[in-house]
Amino acid sequence: MVQHFKPISLIELLELKKSGFKTKEPCFHITFDDGLSEIYDTVAPILMKRKIPATFFINTDFIDNKNLFYRFKASILAERVEANGLLEVTFNEKEQTDEFAKTLNIDFNEYLEKVKPYLTILQVKELINQGFTIGAHSQNHPLYCLLDEKEQINQTLESINYLKKEFGLDYSVFSFPFTDDGVSKSFFKAIEPQVDLTFGSAGIKKDSVKFNLQRIPMEKNELAEQLIKTQYFYCFLKKLFGRNKIVRH
Ligand SMILES: [Zn+2]
């Protein structure tokens, strides 16, 4: 991809915003969601070696391994349940997941302590020192269309402000957990004064909200040298924009 598109930094992308994202040459910016520790261990070293700038989007409730994403919890439970021969259990509610874990004697805190799936504050600081940029990915990764607007705004601004304060950032970017589907115009209007750019993952589409950029989700790939194609990898191909448009009401 680097042969055909020029990798640009978030700061360059923010600069492009001023001109309505008009570029002289095809370029892209890479972002990774979910703030997993493999960003620090594996992804960042590869990107640094290849001189590719990137932005990492973090859930502020999970940073430092304070808590686990409920889907993460559910998959741990599912594994355990399967091992016990109880299949076909679905988890809809976060609370249910915690309750069920108790009955199975599963301690998520122990898991967090042992596995440390998320980036720590120290690792994020180091990533920033290495030249990477960070953004918010909400507090606890909810599906936005299931929240009322007040809660959507709260999840967004609280997570942004946490990162700004903790890491002294002079920019504010946000990526939607799961999808920005069904998020209204008035939400964007409410957050606009406090956010530079937001990111969805609807693929090659334009958005009627000018500061909401749609990214191309990349497939997971097991090959180490192609690690930048994991499910946490999203890239933004400026040149390909303009085929479809998401109109918000
Ligand atoms: Zn995510």
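Keep in mind that what you see is a predicted model, and the values were worked out from it rather than measured.

Whenever I open this one, the environment of F100 confuses me. Can you help?
Inspection of the secondary structure assignment puts F100 in helix 4 (residues 94-103). Residues F100 and L77, 23 residues apart in the sequence, show an inter-C-alpha distance of 8.0 Å.

When you look at empty space enclosed by the protein in this model, what are you seeing that I'm missing?
The rolling of a water-molecule-sized probe over the atoms marks out the regions of remaining empty space. One pass over the structure, following the stated rule, counts one cavity of 30 Å³ or more. Taken as a whole, the largest cavity spans an internal volume of roughly 40 Å³. For the largest cavity, the full set of lining residues is I134, G135, A136, I160, L163, K164, L169, Y171, S172 and V173. Counting only elements with at least two residues in the lining of the largest cavity, the list comes to strand 4 (133-136) and helix 7 (149-167). Looking at the lining of the largest cavity residue by residue, the classes come out as seven nonpolar, two polar and one charged.

Before we go on, may I ask you to explain the nonpolar core in this structure?
Soluble globular proteins tend to pack their nonpolar side chains together in the buried interior. Counting residues in each nonpolar core, the largest one holds 49 residues, and the members touching the most others are L13, L47, F56, I134 and L197. It is helix 7 that provides the largest number of residues to this core, a total of five residues. Other than its neighbours up to four places away in sequence, L197 contacts L13, L14, K17, F21, S172, V173, F174, F211 and L213. Counting 14 residues, the second-largest nonpolar core is a separate cluster that includes F62, L68, V81 and A101.

I tried to follow the packing of aromatic side chains on my own but got confused; where do I start?
A ring pair, where both rings are aromatic, is described by two values, the distance of the centres and the angle of the planes. Inspection of every chain in the model, using the stated rule, returns 17 aromatic pairs. Taking 5.9 Å as the distance between ring centres and 50° as the angle between the ring planes, the aromatic pair formed by F69 and F178 counts as tilted. Of the two residues, F69 sits in the loop between strand 3 (54-58) and helix 3 (70-83) while F178 sits in the loop between strand 5 (173-175) and helix 8 (185-191), which places them 109 residues apart along the sequence. Ring centres of F174 and F176 lie 5.1 Å apart, and the angle between their planes is 85°; this geometry places the pair in the edge-to-face category. Owing to a relative accessible area of 1%, F176 belongs among the buried residues under this scheme.

What's the story with the coordination of the zinc ion in this structure? I'm lost.
Under ideal tetrahedral coordination, the four donors around a metal are separated by 109.5 degrees; under ideal octahedral coordination, the six donors are separated by 90 or 180 degrees. Distances from the zinc ion to its protein donors, D34 (OD), H137 (NE2) and H141 (NE2), fall at 2.0 to 2.1 Å. In primary sequence terms, the donor set of the zinc ion follows D-x102-H-x3-H. Taking relative accessible area as the criterion, H137 reaches 1% and is therefore assigned buried. With a relative accessible area of 5%, H141 lands in the buried category.

Definitions and limits used
- Residues numbered from 1 in each chain as written.
- Predicted model: local features only at pLDDT ≥ 70, side-chain atom pairs only at ≥ 80, totals over all residues.
- Heavy atoms only, no water.
- Helix = DSSP H or I, 4+ residues; strand = E, 2+ residues; numbered from the N terminus.
- 1 Å grid on protein atoms, 1.4 Å probe; cavity = no way out; pocket = protein on both sides within 12 Å on 5 of 7 lines; lining within 4 Å.
- Points joined across faces, edges and corners; volume = space filled by probe spheres on them.
- Nonpolar A, V, L, I, M, F, W, Y, C, P; charged D, E, K, R; others polar.
- Core = buried A, V, L, I, M, F, W, Y, C linked by side-chain atoms within 4.5 Å.
- Buried < 20%, exposed > 50% of the residue type's maximum accessible area, 1.4 Å probe, protein only.
- Contact = heavy atoms within 4.5 Å.
- Phe/Tyr/Trp six-rings, centres within 6.5 Å; stacked < 30°, edge-to-face > 60°.
- Donors = N, O, S within 2.8 Å, 3.2 Å for Na, K, Ca; no water.

Purely geometric stuff here, so don't read any function into it on its own.
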